Every structure is written in structure tokens, then in C-alpha cells.
Amino acid sequence: MTSISAFFTRIVLGTLAVAVINAQATAQESFKGVIVAKQVGKVSSQLTGERSVRVQELNVRVGDRVKKGDLIAKLSTEQLEADRKVADASYEESKALVTVAQSRVKGAQLVLGRQERLRKSTSFQRSAFEDAEVALQTAEASLQSARGVAARRKAEVDRIALEISLADISAPYDGIVTNISANVGAAVTQRNPDLVQLLDLSRVEIEVAVPQSKLALFSAGKTVSFNSDNGAKGEAKVRAIMSVLAKNKRDRVVRLTLAEPGKLGDIHDQEAVTITVGK
């Protein structure tokens, strides 16, 4: 009799356990969504003026993942180096002209000084004094002009040196290459500087289409769990219920921010995910 009672007790407990599991399952709902990147940027050269420089190396292909600081491309510096030599020579010439102008100012100051000392003597001549004043003013103006020319030529040297240093194009952030704008041998200019398009996967969100009747499950700040198609798992928080409709023109778009995107491994833009929301 006791064994029969225990048998039925196990049946009842098992039934209750199944009921609890089913109740927990029905207390959650699942929705399909996708990983979306919040930033897609173009990695470009930083040329100035009408200069044209060719792409010497291109170290990435579409689909490649890069880390911040990785060398993406290298521009040819052959023409830039030649231009720098010319600019250096021009700058040195301008510095020599400044030295000459400084000497002329000193000479004009000496002449004017002598005329000043003759003011109280019978040898003083007003015309000579005035000529000395004009000569000094002219020498000072020439020195100022020479310094201006030297400053402009120094700026040109610095600009070319900067362009040479920027010939190595590095990734500005961790991401994935989505497009190549210029291949090896192609010329890039200030008007057409783009090299590659880079999608920033360190700043991603989840986008999910939610029926109007289920929007109450996605209150702002609510934490939900998700699983991606590649096996990544994590949590996300509801950032906003967007004012736009989903592609089906019926559901609303909900955006969620990933709690720890850096720990999710190899996730991809537009990768499918399943969102699980508790009621």
C-alpha cells in the first residue's frame, strides 16, 4: 500500500514540475532581431591642396577585421620627398635673406645713430638725418617681409613633413572593412581621399521589430537576454522605442544597447539574434 502511495506521489510531483517549467516558459517571449552598427566611417588620406598621391600598399580586403592602430594602407611618399627637398632649399634661401635684411637694419641703425649724435654740431644736416630715418624704415620693412616669406616657407616644409608622416594609414578603431574605395596604384587627392569604409563593431546595438501589442514588454531600461546565430550570448538594455516602423510597416523598431559588447566575440553587422523577454 505504501509503495502504491509513493508511486502516485512521484507522478503528482512530476506533473507539478512539468507544469512549473511550462509556466516559466510561457512567462517569456522571444523576438527576432539583428546586430546593427551605430558607426560606419570612411578611412581617408589627409592630403592638402591639389596634390595627387598613389596608393603603394593596401593591407586589407572586404570582410577583414582590424584592430585600432593596424596598418590599413600606405601611400607613396616619393613625390612628397622630392617636394620636401625643394621646400627645404627654398626655406634655407629665405633664412639667408632674413640674415641679409637684419644686417641692413643694423647698418641703417648705425647711420641714423651717427646722424643723431651730430644734431648739436655744425655738421648736422637735416636732409641727411631724414634720409637715414627713411633708410632704417625701409630696411625694417624689408626684414619684416623677409621674415614673413621665411615663415611661409617653413610652414610649407612642415606641411609636407606632416603629409609624409600621414602616409601610413591606420585603423582609427576596431572594426570590419565593408568597402574598398582605392586599390594599389590608384591616385588619391584632397577631393577624393577615401581608401576604405570601416564598420565600428565596438559600438553596436540590437534592432528588433516588435508588434504594437507587445511593446509593453520593452519598457525603457529593461534588461533582456539574447543569443546570436554564432553562439554569442549576452544581455542588452532597451534604449528606445523608435518612432519609425519596421520594414513590414506594422511593427515598431526597438533599439537595445549591449551590456558588454567587448566580451561577445566574433559578432557581425546584420547578424541575426533571438531576444528573450520576461513578462
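So, here's what we can say about the structure.

## Comments concerning the sheet that holds strand β3 (residues 52–58)
Read across the sheet, four strands follow the order β6-β5-β3-β8 without closing on themselves; strand pairing throughout is antiparallel. Looking at strand neighbours, the two that pair on one side only are β6 (168–170) and β8 (187–189), the edges of this open sheet. Put simply, the sheet's adjacent strands are angled 40 degrees from each other on average, direction ignored. Note: β3 against strand β5 (residues 71–75), three bridges, orientation antiparallel. Paired with leucine 58 across the strands is alanine 73, a residue of β5.

## Focus on the environment of arginine 191
Tracing the backbone through its elements, the reader meets arginine 191 in the loop between β8 and β9 (194–200). Residue arginine 191 is classed as exposed on the basis of its relative accessible area, which comes to 70%. Residues arginine 191 and leucine 47, spaced 144 residues apart in sequence, show a C-alpha to C-alpha distance of 8.9 Å.

## Digging into the pairing of strand β12 (residues 233–245)
Note that strand β11 (residues 223–228) and β12 share five bridges and pair antiparallel. Bridging from a neighbouring strand, serine 225 pairs with glutamate 235 of β12. Between β11 and β12, which follow one another and run antiparallel, lie four residues, and glycine 231 among them has a positive phi close to 100 degrees. Here six bridges tie β12 to strand β13 (residues 252–258), and the two strands are oriented antiparallel to one another. Bridging from a neighbouring strand, lysine 237 pairs with threonine 257 of β13. Connecting β12 to the next strand, β13, in antiparallel fashion are six residues, including lysine 249 with a positive phi near 70 degrees.

## Description of the pairing of β9
In terms of burial, β9 is largely enclosed, as five of its seven residues are buried. Of the pairings in the sheet, the one linking strand β7 (residues 175–180) to β9 comprises five bridges and is antiparallel in character. Note on β9: the bridge partner recorded for asparagine 179 is glutamine 197.

## Digging into the side chain of serine 228
Following the sequence through the fold, serine 228 ends up in strand β11. Here the side chain of serine 228 touches glutamate 271 through a polar contact of 3.2 Å, side chain to side chain. With residues near it in sequence (within four places) discarded, serine 228 still touches Glu271, Ala272 and Val273.

## Brief notes about the side chain of arginine 255
You can see arginine 255 is positioned in strand β13. In this structure arginine 255 comes out as buried when scored by relative accessible area, which is 18%. Here glutamate 205 takes part through its side chain, which lies 2.7 Å from a polar atom of the side chain of arginine 255. Side-chain polar atoms of arginine 255 contact the side chain of glutamate 207, separated by 2.9 Å.

## Comments concerning the pattern of salt bridges
Summed over the entire model, instances satisfying the criterion amount to twelve salt bridges. The partner of aspartate 168 in a salt bridge is lysine 74, and the shortest N-O contact between them spans 2.7 Å. You can see aspartate 168 sitting in strand β6 and its partner lysine 74 sitting in strand β5, a full 94 residues away along the chain. Assessed through its relative accessible area of 38%, aspartate 168 is described here as partly exposed. Note that arginine 119 is salt-bridged to glutamate 116, the shortest N-O span being 3.1 Å.

## Quick look at the packing of aromatic side chains
Per the stated rule, a full pass over the model turns up two aromatic pairs. Between the aromatic rings of phenylalanine 31 and phenylalanine 218, the centroid separation amounts to 5.2 Å while the plane-to-plane angle is 70 degrees, which identifies the pairing as edge-to-face. Highlighted residues: phenylalanine 31 in strand β1 (residues 28–37) and phenylalanine 218 in the loop between β10 (204–210) and β11, separated in sequence by 187 residues. Under the relative-accessibility criterion, phenylalanine 31 is labelled buried at 7%. Between phenylalanine 124 and phenylalanine 129, the aromatic rings sit 5.9 Å apart at their centres with planes inclined by 50 degrees, giving tilted as the arrangement. Pair check on accessibility: phenylalanine 124 and phenylalanine 129 agree, each one buried. It is arginine 119 that lies over the ring of phenylalanine 129; its NZ or CZ is 4.3 Å from the centre.

Scoring rules and cut-offs
- Residues numbered from 1 in each chain as written.
- Predicted model: local features only at pLDDT ≥ 70, side-chain atom pairs only at ≥ 80, totals over all residues.
- Heavy atoms only, no water.
- Pairing = 2+ DSSP bridges.
- Helix = DSSP H or I, 4+ residues; strand = E, 2+ residues; numbered from the N terminus.
- Axes fitted to C-alpha atoms, helices over the stretch in contact; angles between N-to-C directions.
- Buried < 20%, exposed > 50% of the residue type's maximum accessible area, 1.4 Å probe, protein only.
- Polar contact = N/O pair within 3.5 Å; in protein donor to acceptor, adjacent residues only side chain to side chain.
- Contact = heavy atoms within 4.5 Å.
- Salt bridge = Lys/Arg side-chain N within 4 Å of Asp/Glu carboxyl O.
- Phe/Tyr/Trp six-rings, centres within 6.5 Å; stacked < 30°, edge-to-face > 60°.
- Lys NZ or Arg CZ within 6 Å of the ring centre and 35° of its normal.

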